[in-house]
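Structural overview
Each chain is listed here by its residues.
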Amino acid sequence: MSAQPTGPKIPLTWLYVPGDRPERVAKALRAGADVVIVDLEDAVARDRKAYARAATAELLTERLSVPVHVRINSLNGPLSALDIEALAGRPGLSGLRLPKVTSPDQIAKVAELADAPPLFALLESAAGIERAYSIATAHACLRGISLGEADLRADLGVTLDSALDWSRSRVVCAARAAHLPSPPQSVHPDIHDLDTLAASCAHGRSLGFLGRAAIHPRQLPVIEAAYLPTPAEVTAARQIVEAAPTDTGALALPDGRFVDAAVIAAAERTLALSHRTPA
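Please read these numbers as outputs of a predicted model, since none were measured by experiment.

Spatial strand order, β6-β5-β4-β3-β2-β1-β7: seven strands in an open sheet with parallel pairing. The two strands at the open ends of the sheet, each matched to only one other strand, are β6 (142–147) and β7 (212–214). Strand-to-strand twist across the sheet, computed as the mean angle between neighbouring axes with direction ignored, equals 25 degrees. With four bridges joining them, strand β2 (residues 35–39) and strand β3 (residues 68–71) adopt parallel strand pairing. Counted as the bridge partner of Val36 is Val68 from β3. Helix α8 (residues 165–177) rests against β5 (119–123) and β6 of the sheet, and its axis sits at about 170 degrees to β6.

Below you can see the structure in the form of structure tokens.
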């Protein structure tokens, strides 16, 4: 059996957990998610903010077996500065998720702080979507952008899920144009309806998303299964890579499939994803 490629694991599952519930954070770290996101914002009541911040700072005093990101409070309010001050430089912090970003200046301001960790911007409004590429290229510390659909729905006043597809595609295009990873999908709010989650993930994959945020461990295997290549996709990709050297230009395979450099690159990405390693 040939050796599997090695390298940093491509994250497909991002599990949110309230920062004021240390017992749930501990369970989340064992749930099998690729990244755990400790939430200090929407999931925490105002009178629990200080406790959540202190508990999260304590958690991050040492390196953890799972990458941990923290979603801080809105950059437009006073709590975000307290969050950043308490968390920056902590050994266990793998990234800060910045909610409701609407301009590149917000990214630059956070990045200028001492011990700034990798930053991830959440675009959750019409203003954020309109400035997606400017935000995505705001600073080298920014490692990803993603969409916050609940807030965006409220801002736009949309009721049909398909009405968000333009915004979804804009975020995907902005991320790739800025040479950032393909963004993960926003959370699916129903933790019991796994069939709808699977269908939504398939749609998100067709739009160019890679992986998805979750709010319950039972959603994780559904998301991973939806985003990993199927055996048939892996077989087809392997056939393309083996049959079409990159230095021969465009050609047709014996079965009639047209292959060029872009098709080969896509096949290589499929094989890399099947091993969960970057292409």
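Below, the discussion takes up the side chain of Asp34. Within the secondary structure, Asp34 sits in the loop between α1 (22–29) and β2. The buried category is assigned to Asp34, whose relative accessible area is 9%. Among the polar contacts listed, one links the side chain of Asp34 to the side chain of Lys9, at a separation of 3.3 Å. Looking at Asp34, its side chain comes within polar contact range of the side chain of Arg276, at 2.5 Å. Apart from residues no more than four positions distant in its own chain, Asp34 is found in contact with Lys9, Ile10, Pro11, Leu12, Thr13, Val66, Pro67 and Arg276.

Reading the values: the criteria
- Residues numbered from 1 in each chain as written.
- Predicted model: local features only at pLDDT ≥ 70, side-chain atom pairs only at ≥ 80, totals over all residues.
- Heavy atoms only, no water.
- Pairing = 2+ DSSP bridges.
- Helix = DSSP H or I, 4+ residues; strand = E, 2+ residues; numbered from the N terminus.
- Axes fitted to C-alpha atoms, helices over the stretch in contact; angles between N-to-C directions.
- Contact = heavy atoms within 4.5 Å.
- Buried < 20%, exposed > 50% of the residue type's maximum accessible area, 1.4 Å probe, protein only.
- Polar contact = N/O pair within 3.5 Å; in protein donor to acceptor, adjacent residues only side chain to side chain.

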